[in-house]
Structure formats: structure tokens, C-alpha cells
Amino acid sequence: MANTILRKRSLIPGTTSELVVDAPHIAAKARPGNFVILRVCPDGERIPLTIADADPTAGTITIVYLVLGKTTAHLETLGEGDGILDLCGPLGRATDIHKLPGEVICVGGGTGIAAMHHIAKGHHKAGNYVVGVIGARSRELLLFYDELKAICPEVLVSTNDGSFGRQGLVTELLQERLKNSPLVSEVVGVGPVPMMEAVAKVTKPFGVKTTVSLNSIMVDGIGMCGACRVSVGGKTKFACVDGPEFDGQLVDYRELSQRLGAFKPQEQRSYEEFKKSHVCKCTHS
Amino acid sequence: MSANAPTPKGKKTGPRTPMPEQAPAARVKNFSEVALGYTPDLAKAEAVRCLSCKKPPCRKGCPVEIDIPGFIARIVANDLDGAYKVIRETNSLPAVCGRVCPQEVQCEGQCILGKKHEPVAIGRLERFVADAHLSASACETLTGGDECKLVREDLKVACIGSGPSSLTVAGYLAAQGIKVTVFEALHELGGVLVYGIPEFRLPKAIVRQEIDAMRAQGVEFKTNWVGGMTITVPELLEQGYKAVFIGVGAGLPKFLGVPGENLIGMFSANEFLTRVNLGRAYKFPEADTPVIAGKNVVVFGGGNVAMDAARTAMRLGADAVTLAYRRGEPEMPARKEELHHAKEEGLILKCLHGPIEFTGDDKGYLTGVRLQKMTLGEPDASGRCRPVVCEGDTCEVPCDMAVVAVGTGANPLIPQTTPGLSVNKWGYIEADPETGETNMPGVFAGGDIVTGAATVISAMGAGRKAAKEIARRLLG
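On a predicted model such as this, the values are computed, not experimentally measured, just so you know.

Calculation criteria
Residues numbered from 1 in each chain as written. Chains lettered and ligands numbered in written order. Predicted model: local features only at pLDDT ≥ 70, side-chain atom pairs only at ≥ 80, totals over all residues. Pairing = 2+ DSSP bridges. Helix = DSSP H or I, 4+ residues; strand = E, 2+ residues; numbered from the N terminus. Axes fitted to C-alpha atoms, helices over the stretch in contact; angles between N-to-C directions. Contact = placed C-beta atoms within 7 Å. Nonpolar A, V, L, I, M, F, W, Y, C, P; charged D, E, K, R; others polar. Buried ≥ 20, exposed ≤ 12 C-beta atoms within 10 Å, placed from the backbone. Arc of directions from axis to C-beta. Domains from an automatic or database assignment. Parallel < 35°, antiparallel > 145°, perpendicular 65-115°, else oblique. Left-handed = near helix turned anticlockwise from the far one by under 90°.

### Digging into the sheet that holds strand 13 (residues 401-404) of chain B
Residues and elements named next belong to chain B.
1) Next: The strand order across the open sheet formed by 5 strands is 6-13-7-8-9, and the pairing between neighbours is parallel. One side of each edge strand has no neighbouring strand; the edge strands of this open sheet are strand 6 (266-268) and strand 9 (348-351). The mean angle between the axes of side-by-side strands here comes to 20°, regardless of whether they run parallel or antiparallel.
2) Next: With 3 bridges joining them, strand 6 and strand 13 adopt parallel strand pairing.

This is the structure:
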């Protein structure tokens, strides 16, 4: 079967999982920053997910998702050996990666840490000194710490409750690092919109290049529909073909947040109905 | 109306045979096809109106040069197999073209009868013949045998995109025994025929059947392969494809360039139609893709896509759908039939109005649009009168949804990943108008990615030219 799930790992039980999927033609081309669009069932919705890792030799890609709605909940019901109905990619522009004189700080929050991992890995491979800065509400919700440890000489952690690393926010760690580091060439931020906005706010006084990876709503993912449009520096850009990475100082975050909520009522309804039908199935069996 | 006896001469000059349709009040509540098609009797009654001209001007009006009098004569002779074969000799998608071609400016626009009377309803007859024959037996009908011509695997050709131009290339080459692989980026085949044109105008089952007929001819289809991303043109050539046809269509919807365009409730026609057609959002939540079902909808544009968007919004339950167009009704590029159908269904026309600004609430939801009254000035480069602003004459239209259908630009994915490929200043691929070949030998292109947004049939015409040239080179 095409797009077979070879390995599944639960990262946060019930909410976040990692899938290693057999997709040789995507793996061969996947670069840091790229994403895929997938569909789980006939009449299912197309959703974009960032490629968290790729292994061209094994012909696999790694995706990490947070169960947030019907499609991700349905995806969560699949296991090793199951196939993903439609998987298309790699999409989006790859991250601009080359050897930089100073360090690269990669900031990740929530599921965004997994997406950031591929970018951090790319910078590491290019010979850059990569500092990982990651945060979560508490220790058990922190993703990809070990994976980042393997490629970053330093991984700075913050948790809201102080159960791991520093108590506080990733932006506090970022600010300290910017103050104390002799040369920072670039800051990359991937995570929830408020986090990326906060990252850009922190880096602004330092004048350091700041790249954020946007997770707008998409339909086709190939530049046809404009659902993913974002205002960047006052101009409308398509996250799917012009991005998904943009200059963090130029993104209109308020508009991005609002547009991400465009279909909230429908998404909730779809998810509720799925949960009902799913529970129903379980109690009958 | 009797269709049996040979028709007396006078009858040819009578009115064309109407095609049954769903009543407007019923159809505006469903997504089923509006036009229901001829019965055999109705088809024959219409077919006998054809004058069987020796030098048929209708054929000249057809971008794929269908032998129109030839297939109509076979309808009269009760030979539907023969009629289908005649059409398929030059047209790979007859059931589609019978439905969506602008016949009034093509074949029917040239019909001699039309000079003094009503032209023969060629499109309706084409649709009738194709529908009668849409099945897996297309292969048999086309070749007269159970099997299609042996496919020569050594002569393989790749098509990028599975819209009308690529399907025409695939159908033509497969009929010559050439192995064709079609790479489609989306999860469903058909390009604009499935994501763009609504179900009520072109049922997706029809597109599937046309594609199945090609599959039976040996064409291979791969979905979820994005040309330029999953596979590039240079890679296809390296893999031994003797020719590559780029038929990826238009992309990148144009917006209006006025404030408020990113408010929630603002859609490009591509997004709105893709959600509803490809995503089946009309049956949400049974299908997962959501769409906003606006109550007060304003559509911008005057082409077929604008009509499709407006009529789709009506079917999703809008109370009022207004079409705002900068020019006048006579200048609208939409097919007359589409405009007629849309008006029957309750479309409110606001011609000579263009948008100035969209307004929204503090949560980012669209609440209205301010329109500028226009008047017609001197003709512009396109030959149409230029809309000129009537200073100070504006009005507000409240709306919770707006759809922008003012055209598309060129999709950059193929040019970006095909070093050396020539594109013009708008990003469209440059191709020889006679052969469809680009500046790269063996690489052909046709349809909207060459011409900018145009019609299904003109894309098919371009596909046919390229296919002829590819076949000539490969088969000698």
C-alpha cells in the first residue's frame, strides 16, 4: 500500500504523535521547511503538515501532528501498516540555509518544535552552530528534546510550570541568549502564532534576521486558491508557494490569527460528529 | 414532436429543439445538473436540422476540428457508435465539451442556419452522443475490437496536470499506441473540470467516465504528484520520457488590490469553488472540507467562473447573491447561457460597479463592500470599453461573503524548477503556437499556463496541436 505508516510513536499520549511514512518520492526531495498535504479518507479534508524529518536512503518522511480536529483525530486512529490515503509533497519553498558566520537560534513551541527540528538539522548539516530553544507547558509536553540534543551543541528549555529547564517562556531564554551571544546570524521561530509574534518582538531591537514558518489554512497547497494568504510587509503573499517561511518582522500576526479561526465553528462541528461516531463504534464492539 | 420520418425541408428553419432542464426554483436548492440532456427522439429531431454543408463552417469554428456534419449524419442514421467514433477521432472529452464549450462563439456561431434562423444545437448533440457512449467500452467503440492498440512502452510521454489540455494529449497519443503517464498534483483527476466547474454544470461522474475510457486505452494516471516539486521536467526527460507536455493550468488567483481583501469571508473563486467541488463542501459535514455559506454574497467578475461562483453560493443557501462587474452586461465574457441560467435563478446584477474597499468587524469578519459607480469609456487594448470612475458616486453593499473571480496569474512551480524554460513577462510559458513546443526540445506546453485563463476547449485545442506534433516525431 502506498504511503504506509512504518513506525508510530506517541509523543504526548492522546494528543501528539509521530509517524514515519514510506514515501520515497517525497523523501528524495524533502528539504527543511517543506511540508506535505494529506487526506485520510474519501471526502476527507486536505491538511498541511510540516515535514519534521526525511530519510532519502530509507525513503521515509517523518510527520508530527497535534490532534486538533477531525482529520488529525482520524489520522490518530491509524497504526503501523496502515496507509495514508493521499500524501502529496514536498510543498513550499525550502528554508534558505547556508554557512553563516554566527550562531543560528532555532526557537520552537508546541508541535512547532518538530517542524523546527528539520530546519535546525539543515543548519547543523550546513556547518552552522545551532542553539535550540524550546518550550512547553510542562516537561511531559515537551517534544523532540533528544532529537535536538543530537544536532544542537546547546538546547535551552523552558516550561511554564518549571518542571524542566527554566520556568518561564522561550522568549525570555531567547532574549538572554541574544544579549549574551557575541554573534547571532539568524533566529528561526516555529510554533503557535503568539509565540512567533513574541519571538519577532524580542529580536527586533537586536536587528537580527528573524524567520518564522507560518501554518495558515490551506486547500491545494500548490498556489491555486489563496486560502493561505498572509500580509507580509503590507503585501499579500501565499504561504504555500511564497512561503511558508517569511521575515518575522513583516508578518501581520493579527490577521494571521484571525484567518486561522475562519472555519472554527465548522471544524468543531466536524470534530464533535467524528468523536460521537468514533465513541459509538467503540461501545458497540 | 416526431423524429421518425425524413424531415421536410421547411423544418430545418424552425427553432432549435430545446433541451430539458431542471426548473430554476428546484435546481437552485440542489447541486444536480441543470441541463438534463436530449432523449434519443429529441436528439434526432435536432440532428435532422443540419444542412450537411459540403464545406462546413462549423468545423472551422471548432478548436479541435470535429467532423460535425459527419457525426450528426450518423445520429440521423441511428448509428450512435459511429457518431461517437467520429467525435473521438479529434476530441478526447466529448461529454465535457458538449457541456462546457462556448458553442455560440465556436461551432454554432459559424453554422449557416444561424445566419437567418437558429443554428443547429451542436453542443447538445455532442453531449447526447457522448453520454450514450460513456462506458468502459470506449476502447471497443474506438478500435472496433476488444482491445486497444498495443501500447508501446518504449515510446513514453509524460503529461503534467490532468486538466483538459493534458487529457487531450493523453487521449490522442494513447489512440496512436503511445504510452502516456499523467502526473496530477491533486488527489483527484481532471484539473479544472473537477475543482473548478461545479457539479450542476458538469457532473464529476462524467469526468471520471471520460478518464476511465482513457485508462482503458492504456493511459497511466498518478495523483498527488506535483509537477516541479515531486518530479521536475528535467527529471522526467532523464527518466526516458520522449516528450513532456506541461498542462498545469493557471494558478495564483488575482485579487482586487483594495483594502480588506484578507477579511474572513473573502474568497478567491478558486478557493470557494475548490472547497465546494473538489472538497464536496456542499455536503459538509458528511464531507470534511468546510466552506462559509454566506447569506449576502457579492461576486466580482463577469466571466464563467464568476457565474459558477454565484450559482454555487445560491445553492449553498444564500439569501441574496449580487454580481458586481466593472463593465456593462453586453461586455461580460461569460457564456450567454450561463448568465441566462444565473438570472433565472435569482442573480442580482450590479453592472458598472467596481470595489473600493471591504469593511469588517474587529474580529476580522467581512461586513460589507463599498462600490464605485463606473461608466464606459474608450476601448482599451482588449477591444472592450474601458470602465471609467464616476467620481463621488459610491454605494455600500452589506455582505458576509465575497468571491473574487477576476482571473488568475501564472503558477510559478514549473518555471522555477525547469532551468532554461522560457516564460513571458507575466510568467506564462512560451510555446510555439503551431506545435506547442517550448524553447526546450521535447518539452511542450498548452492551455492556461501558456495563454492565461481561457476556455476548456481552447486548452484542448492546444493539447491536440502538441499531441499531433509529438506523435509525428515519435512515430514518423
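### Points about the interface of chain B and chain A
When the parts of a complex come together, some accessible area is lost, and that lost area is often used as the size of the interface.
1) Next: Contacts between chain B and chain A engage 33 residues on the former and 37 residues on the latter.
2) Next: Taken together, the elements giving at least two residues each to the side of chain B that touches chain A come down to strand 5 (251-253) and helix 16 (269-276) of chain B.
3) Next: No other element matches the 4 residues that helix 16 of chain B contributes to the side of chain B that touches chain A.
4) Next: Here the side of chain B that touches chain A is built from residues that sort into 14 nonpolar, 12 polar and 7 charged.

### Comments concerning helix 5 (residues 170-180) of chain A
Residues and elements named next belong to chain A.
1) Next: For helix 5, every residue scored as buried is listed here: Val170, Thr171, Leu173 and Leu174. All buried residues of helix 5 lie within an arc of 155° about the axis, which places them on one face of the element. For helix 5, the exposed residues set more than 90 degrees away from the buried face come down to Lys179 and Asn180.
2) Next: Each element contacted by the buried residues of helix 5 is listed here: strand 7 (103-109), strand 8 (130-136), strand 9 (154-159), strand 10 (166-167) and helix 6 (193-203).

### Some points on the domain arrangement of chain A
Residues and elements named next belong to chain A.
1) Next: Taken domain by domain, chain A consists of domain 1 (5-91) and domain 2 (103-260).
2) Next: Distance between the C-alpha centres of domain 1 and domain 2: 21 Å.
3) Next: Residue assignment for the side of domain 1 that touches domain 2 shows that the elements contributing at least two residues are strand 1 (5-12), strand 3 (35-39), strand 4 (47-55) and strand 5 (60-66).
4) Next: In terms of residue count, the dominant contributor to the side of domain 1 that touches domain 2 is strand 4 (5 residues).

### Concerning the packing of helix 5 of chain A against helix 6 of chain A
All names here are of chain A.
1) Next: Running from N to C, helix 5 and helix 6 cross one another at 20°; their axes reach a closest spacing of 10 Å. What the angle tells us is that helix 5 and helix 6 run roughly parallel. Remark: the crossing between helix 5 and helix 6 carries right-handed chirality. Contacts from Val170, Thr171, Leu174, Gln175 and Leu178 in helix 5 reach Met195, Ala198, Val199, Val202 and Thr203 in helix 6.
2) Next: Class assignment for the residues of the contact of helix 5 with helix 6 results in 7 nonpolar, 3 polar and no charged.

### A few points about the domain arrangement of chain B
Residue and element names in this part refer to chain B.
1) Next: Here chain B is partitioned into domain 1 (9-133), domain 2 (149-251 + 409-475) and domain 3 (255-406).
2) Next: For domain 1 versus domain 2, the separation of C-alpha centres amounts to 27 Å.
3) Next: Listed by partner, the interface residues are 18 residues for domain 1 and 22 residues for domain 2.
4) Next: It is helix 7 (residues 94-100) that provides the largest number of residues to the side of domain 1 that touches domain 2, a total of 5 residues.
5) Next: Of the residues that constitute the side of domain 1 that touches domain 2, the class distribution is 11 nonpolar, 4 polar and 3 charged.

### Considering the sheet that holds strand 12 (residues 385-398) of chain B
All names here are of chain B.
1) Next: In spatial order, the strands read 10-11-12; together these 3 strands make up an open sheet with antiparallel pairing. Each end of this open sheet is capped by a strand with a single partner; those strands are strand 10 (353-360) and strand 12. Ignoring strand direction, the axes of neighbouring strands in this sheet form an average angle of 20°.

### Remarks on the environment of A:Arg229
1) Next: With respect to the helices and strands, A:Arg229 occurs in strand 13 (residues 229-232).
2) Next: Separated by 13 residues in sequence, A:Arg229 and A:Ser216 have C-alpha atoms that sit 7.6 Å apart.

### Concerning the environment of B:Leu323
All names here are of chain B.
1) Next: Residue position: Leu323 is located in strand 8 (residues 320-325).
2) Next: Considering only alpha carbons, one finds Leu323 and Ala175, 148 residues apart in sequence, at a separation of 43 Å.
3) Next: Excluding residues that lie within four positions of it along the chain, Leu323 makes contacts with Val299, Ala306, Ala310, Leu347, Leu349 and Lys350.

### Quick notes on the environment of B:Glu184
Residue and element names in this part refer to chain B.
1) Next: Within the secondary structure, Glu184 sits in the loop between strand 2 (178-183) and helix 13 (192-195).
2) Next: Accessibility expressed as a C-beta count within 10 Å gives 25 for Glu184, which makes it buried.
3) Next: On a C-alpha basis, the gap between Glu184 and Cys159 in space is 8.6 Å, while along the polypeptide they are 25 residues apart.
4) Next: Apart from residues no more than four positions distant in its own chain, Glu184 is found in contact with Gly161, Ser162, Leu189, Phe221, Lys222, Thr223 and Trp225.

### Quick look at unusual backbone geometry
As a rule of thumb, non-glycine residues mostly have phi less than zero, and peptide bonds are mostly trans rather than cis.
1) Next: Cis geometry marks the peptide bond from A:Gly89 to A:Pro90, where omega comes out at -5°.
2) Next: By the secondary structure assignment, A:Pro90 is in strand 6 (residues 86-91).
3) Next: A cis geometry characterises the amide bond from A:Gly243 onward to A:Pro244, with omega recorded as 10°.
4) Next: Among the structural elements, A:Pro244 can be located in the loop between strand 14 (235-238) and strand 15 (245-247).
5) Next: Here B:Asn224, not a glycine, exhibits a phi torsion of approximately 60°, which is positive.
6) Next: Along the chain, B:Asn224 turns up in the loop between strand 3 (220-222) and helix 15 (233-238).

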